[in-house]
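Working through the structure, step by step
These are the residues of each chain, in order.
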Amino acid sequence: MIRLVLLDIEGTTLPISFVRDVMFPYAAKALPALLQDHTNPTVVGARADIVMEHPGQDPLKVCQDWMKADVKAAPLKTLQGLTWRQGFEDGTLKAHLYPDVPPALEAWSKGGLRLAVYSSGSIPSQKLLYGHSEQGDLTPLFEDFFDLSTGGKKDAASYEKITAAVGLLADEILFLSDIGAELDAAQRAGLTVCQLVREQDGTVPHPGVPQAPDLNAVSTQFGLPVA
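All of the points below concern the structure found in this document. The structure presented is a predicted model; accordingly, all values stated were derived computationally and were not measured. Along each chain, residue indices are assigned from 1 in the same order as the chain's sequence is written. Where local features are concerned, this predicted model is filtered to residues with pLDDT of at least 70; where side-chain atom pairs are given and counted, the filter is 80 or more; whole-chain, interface and lining totals use all residues. Values reported for side chains reflect all heavy atoms of the structure, with hydrogen atoms and water molecules removed beforehand.

By nonpolar core we mean a set of buried residues, namely Ala, Val, Leu, Ile, Met, Phe, Trp, Tyr and Cys, connected to one another through side-chain atoms within 4.5 Å. Note on classification: 1.4 Å probe, protein chains only; a residue is buried when its accessible area is under 20% of the maximum for its type, exposed when over 50%, partly exposed between these limits. Core analysis: the largest hydrophobic core is formed by 37 residues, its most contacted members being L105, W108, L176, L215 and V218. Formed jointly, this core draws a minimum of three residues from each of two domains, domain 1 (4-15 + 94-222) and domain 2 (18-89). Contacts are assigned to residue pairs that have any heavy atoms within 4.5 Å of one another. Leave out the neighbours within four places in its chain, and V218 touches W108, L174, L176, C194, L196, A212 and L224. Formed by 20 residues, the second largest nonpolar core is a distinct cluster that contains V166, A170, A185 and A186. For each domain, the first and last residues come from an automatic or database assignment.

Our focus in this paragraph is the packing of aromatic side chains. Centre distance within 6.5 Å is the pairing criterion for rings of Phe, Tyr and Trp, where only the six-membered ring of Trp is used; planes under 30 degrees apart are then read as stacked, over 60 as edge-to-face, and the remainder as tilted. Scanning the model with the defined rule gives five aromatic pairs in all. Look at Y118 and Y159: their rings are 5.3 Å apart centre to centre, the planes differ by 80°, and that puts the pair in the edge-to-face class. With Y118 in strand β2 (residues 114-118) and Y159 in helix α7 (residues 156-166), the pair connects residues that are 41 residues apart, well separated along the chain. Ring centres of F142 and F145 lie 5.6 Å apart, and the angle between their planes is 55°; on these two criteria the pair is classed as tilted. One exposure class covers both F142 and F145, and it is buried. Feature note: the residues Y118, Y159 and F175 constitute an aromatic cluster, connected by ring pairs. Sitting over a ring, as applied to charges here, requires NZ of Lys or CZ of Arg to be within 6 Å of the ring centre and within 35 degrees of the ring normal. Geometry around Y118 places K153 over its ring, the cationic atom sitting 5.3 Å from the centre. Secondary structure elements follow DSSP: runs of H or I no shorter than four residues count as helices, runs of E no shorter than two count as strands, and numbering proceeds from the N terminus.

Pasting the structure below:
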């Protein structure tokens, strides 16, 4: 029996195009000024992590290279999160979730399911997205948020940590993602999984895992409360 739904964000509840075409360009434009901030301890710490990992290189150039290669480096995610916070809080950015997502999440929560997020984006960034969506603030629906500080999303040990953190049996957790390697890792840790195959994102179906086109179909397939 499923007791908690663990959700990826990009390509699962939020179109990849929003992240690629709106959020990333916004962060890229804001990063040069942000990296010059020597008073914000979060910026100072992220910059120090970059210097430690890439001594002698310009931190901005490292971040730009990471963005071009779509490297999900923790310092970059932290810095991007700071730029996005400003954008969401001043109203420049608003998360455009898939239309099936808010009603499904509300139905699941009202039906007694626990909800959590596991994304490569930092926890503050996750909360910004769900807190400033076009459909309003959805953060109260979630009890936990997990990011790369828990571990890589393609590592089974990360899902074992999450299972321990939420205090459930592994198969009581349903992990939803569009990425096959993440689903494989979650399966190795004993979680129940389902791939979101979003037509808009051109998701490639991954063999060996259940699939659904949207959260409504997930509800039907796994016997969850229906919106």
